Amino acid sequence: MVKRKLLLLGGSEAQLISIKRAKELGYYTVLCDFLPDNPGQYVADSFYLVSTTDKDAVLEVAKKEHIDGIVAYSSDPAAPTAAYVANALGLHGMNYDIVCHFCEKHLFREFLLNNKFCVPNSVEVKIPYSIELIDCSNLRFPMIVKPTDSSGSKGVTVIYEEKDLADALKYAEEYSRNKTLIIEEFIVRDHPYVIEAEIFVLEGKVVSWGLINSIRDDKSNPLLPSAYSYPLDISEERKMIIKNEISRLVAATGNNTSGAFNIEMIIDSYNRLFFLDAGPRNGGNMLPEFISMISGKDIVGATLQVAMGDVDNIDVELDGESGGYWGLGVLHSDKKGKFNGISYSQKAKHSLIRENIQKNIGQEVCVFERCNNLVGLNFLKFNTKLDMDNVMCNMYESMRVELL
């Protein structure tokens, strides 16, 4: 029997689960990645050393291999490529133009405005620019400066004074591929944690509400998740706002939309919800596996099946309330050094159900300034909310990265 072929964009350590799960589902796996040392190439059935952001090169691979589906698993930069190829070959996938609007921040702001969502005031900056001609007079401090096509907080700076704008723009420029930056008002949230949604949609309806607390660390980088906890710790009134606005956002992409979305948002003191980012793909930091543990369902498998058009009997339902108390720790350090293991508190050690350390003893550890500076990821299950909060909100004490 000839196996149907699935093209996967990206073969990093975190993306291995998608390749392995695809093979378990009986698909022939084709992989594209521009890194010659990616671990996925040793798992996939076929490998091409091709950048996942080179749409036309990936399309040529897809045609050569006669693929039946394509997935950009947990990859924001590759999501437009997956849609481009799927649209070109008549495969299952979202509309390319809509995906581009989600994956480039200035286009996303335009999409939100057109669909009557709350959007902070902003100024778009094209590279090359003259800083003297940039008019921010209608914006209030603090402001956030960022590339419009980066992920994981790369190139992002919060500034509080005009004198810091030049350096922030220069830093953002380093991570911009599309030569477009954005300066916008920094909205202050009126709740302890950033709201993260790792959701799954079938035919335009959200069926898995992976609503979680995205806990930040002011010691290293407050723009990055340092831990996650479930269930979402927010009022019932605000949960309704969240679900209604997410449902509206999904509906704006089309009635036939199916697949994973990763969304970050905040609510201000006026109960206005602001979408920070929304990716039409699975989230990073093993969030699909985290939600799968909570729900007892297979989010990874469902992502692959949707791309292949195998949507019958997919069951990934989660109401966002049931499932118990869970934590996902992003192991990190606020200092440089060499890795010397993890020290666990008694409660963290007792609650740990899966450890995913990505460093060997003696390897370099960087300050947690970007998402790829993590040391590993830990999955924990708790008996009470108090235990969950004590462990997940105190990462430096509960799961401390030891340095030589």
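Here, the structure is the one placed above.
The structure reproduced in this document is the subject of the present report. (Residues numbered from 1 in each chain as written. Predicted model: local features only at pLDDT ≥ 70, side-chain atom pairs only at ≥ 80, totals over all residues. Heavy atoms only, no water.)

Okay, the overall build of the chain next. When you go through the chain residue by residue, the secondary structure sums to twelve helices and 19 strands. In terms of overall dimensions, the chain is globule-like: its C-alpha atoms have a radius of gyration of 21 Å, near the 22 Å expected for 404 residues. Along the first, second and third principal axes, the C-alpha atoms of the chain reach 65 × 55 × 45 Å. Going through the 404 residues of the chain one by one, you find that 54% of them count as buried. Within the structure as shown, the chain displays about 17,900 Å² of accessible surface, and the carbon and sulfur contribution to it stands at 48%. In the chain, 42 positive and 55 negative side-chain charges are present, and the distance between their average locations comes to 3 Å. (Helix = DSSP H or I, 4+ residues; strand = E, 2+ residues; numbered from the N terminus. Rg over C-alpha atoms; globule rule 2.2 N^0.38 Å. Buried < 20%, exposed > 50% of the residue type's maximum accessible area, 1.4 Å probe, protein only. Areas by Shrake-Rupley, 256 points an atom, 1.4 Å probe, with all protein chains shown as cover. Lys, Arg positive; Asp, Glu negative; His and termini not counted. Charge placed at Lys NZ, Arg CZ, Asp CG, Glu CD.)

Time to look at the sheet that holds strand β16 (residues 352-357). Two orientations exist for strands paired in a sheet by backbone hydrogen bonds: parallel and antiparallel. Taken in spatial order, the eight strands of this open sheet run β13-β12-β9-β10-β11-β14-β18-β16, and their pairing is antiparallel. Both outer strands of the open sheet, β13 (273-279) and β16, are each paired with one neighbouring strand and no more. With direction set aside, neighbouring strand axes in the sheet form an average angle of 25°. Alignment of strand β14 (residues 325-331) against strand β18 (residues 376-382), held across seven bridges, turns out to be antiparallel. Following the sheet pairing, L328 is matched in β18 by F379. (Pairing = 2+ DSSP bridges. Axes fitted to C-alpha atoms, helices over the stretch in contact; angles between N-to-C directions.)

The next subject is the side chain of K105. Within the fold, K105 resides in helix α5 (residues 105-114). Assessed through its relative accessible area of 8%, K105 is described here as buried.

Next up on the list: the side chain of S351. With respect to the helices, strands and loops of the structure, S351 is situated in helix α10 (residues 346-351). Assessed through its relative accessible area of 4%, S351 is described here as buried. Polar side-chain contacts of S351 include one of 2.8 Å to the backbone oxygen of K347. Setting aside residues no more than four positions away along its own chain, S351 makes contact with F379, L380, K381 and F382. (Polar contact = N/O pair within 3.5 Å; in protein donor to acceptor, adjacent residues only side chain to side chain. Contact = heavy atoms within 4.5 Å.)

This paragraph deals with the sheet that holds strand β19 (residues 399-403). A sheet is described by the order of its strands in space; here three strands give the open sequence β17-β15-β19, paired in antiparallel fashion. Both outer strands of the open sheet, β17 (364-365) and β19, are each paired with one neighbouring strand and no more. Of the pairings in the sheet, the one linking strand β15 (residues 337-344) to β19 comprises four bridges and is antiparallel in character. Looking at the pairing, F339 lines up with L403 of β19.

A side chain of one charge can pair with a side chain of the opposite charge when the charged atoms of the two come close. Inspection of the entire model under this criterion finds 28 salt bridges. Between E65 and K5 there is a salt bridge whose closest N-O contact spans 2.8 Å. Linking E65 in helix α2 (residues 55-65) with K5 in strand β1 (residues 5-9), this pair joins segments that are 60 residues apart in sequence. Note that E364 is salt-bridged to K338, the shortest N-O span being 2.6 Å. With a gap of 26 residues between them, E364 in strand β17 and K338 in strand β15 connect regions that are remote in the sequence. Of the residues examined, K338 reaches a relative accessible area of 35% and is grouped as partly exposed. Shared partners join several salt bridges into a network, and the residues in it are R21, E24 and D298. (Salt bridge = Lys/Arg side-chain N within 4 Å of Asp/Glu carboxyl O.)

Residues I199, I242, I246, L249, I263, M265 and F275 are the most contacted members of the largest nonpolar core, which totals 33 residues. Sorting the residues of this core by element identifies α3 (79-89), α4 (96-103), α5, β9 (194-202), β10 (205-217), α7 (236-251), β12 (259-267) and β13 as the ones contributing at least two each. Counting residues per element, this core draws most heavily on α7, which supplies five residues. Those residues within four positions of M265 in sequence are excluded, and the remaining contacts are V194, I195, A197, I242, I246, L273, F274, F275 and L276. (Core = buried A, V, L, I, M, F, W, Y, C linked by side-chain atoms within 4.5 Å.)

With that out of the way, let us pick up the packing of α4 against α5. Axes are the key here: two packed helices are described by the angle between their axes and the distance separating the axes. At a minimum axis distance of 5 Å, the contact between α4 and α5 shows a crossing angle of 110°. Comparing the axis directions of α4 and α5 gives the class roughly perpendicular. Listed contacts from α5 to C100, H101, F102 and C103 of α4 are K105, L107, F108, E110 and F111. A class-by-class count of the residues in the contact of α4 with α5 yields six nonpolar, one polar and two charged. (Parallel < 35°, antiparallel > 145°, perpendicular 65-115°, else oblique. Nonpolar A, V, L, I, M, F, W, Y, C, P; charged D, E, K, R; others polar.)

Moving on: the environment of P222. Tracing the backbone shows P222 in strand β11 (residues 221-230). C-alpha separation for the pair P222 and F368, spaced 146 residues apart in sequence, amounts to 9.9 Å. If we skip the residues at most four places from it in the chain, P222 touches R216 and D217.

Inspection of the secondary structure puts Q15 in the loop between β1 and α1 (16-24). For Q15, a relative accessible area of 8% translates into the label buried. Residues Q15 and E245 lie 230 residues apart in sequence; the distance between their C-alpha atoms is 29 Å. Those residues in contact with Q15 that sit more than four places away from it in its chain are L9, G10, Y73, S74 and S75.

Looking now at the packing of α2 against α3. For the pair α2 and α3, the least separation of the axes is 9 Å and the interaxial angle reads 50°. Considering their axes alone, α2 and α3 lie oblique with respect to each other. As for how α2 packs across α3, the hand of that crossing is right-handed. Facing α2, whose interface residues are K55, D56, V58, L59, A62 and K63, α3 presents P80, T81, Y84, V85, A88 and L89. (Left-handed = near helix turned anticlockwise from the far one by under 90°.)

The values are spatial; any link to function lies outside them.
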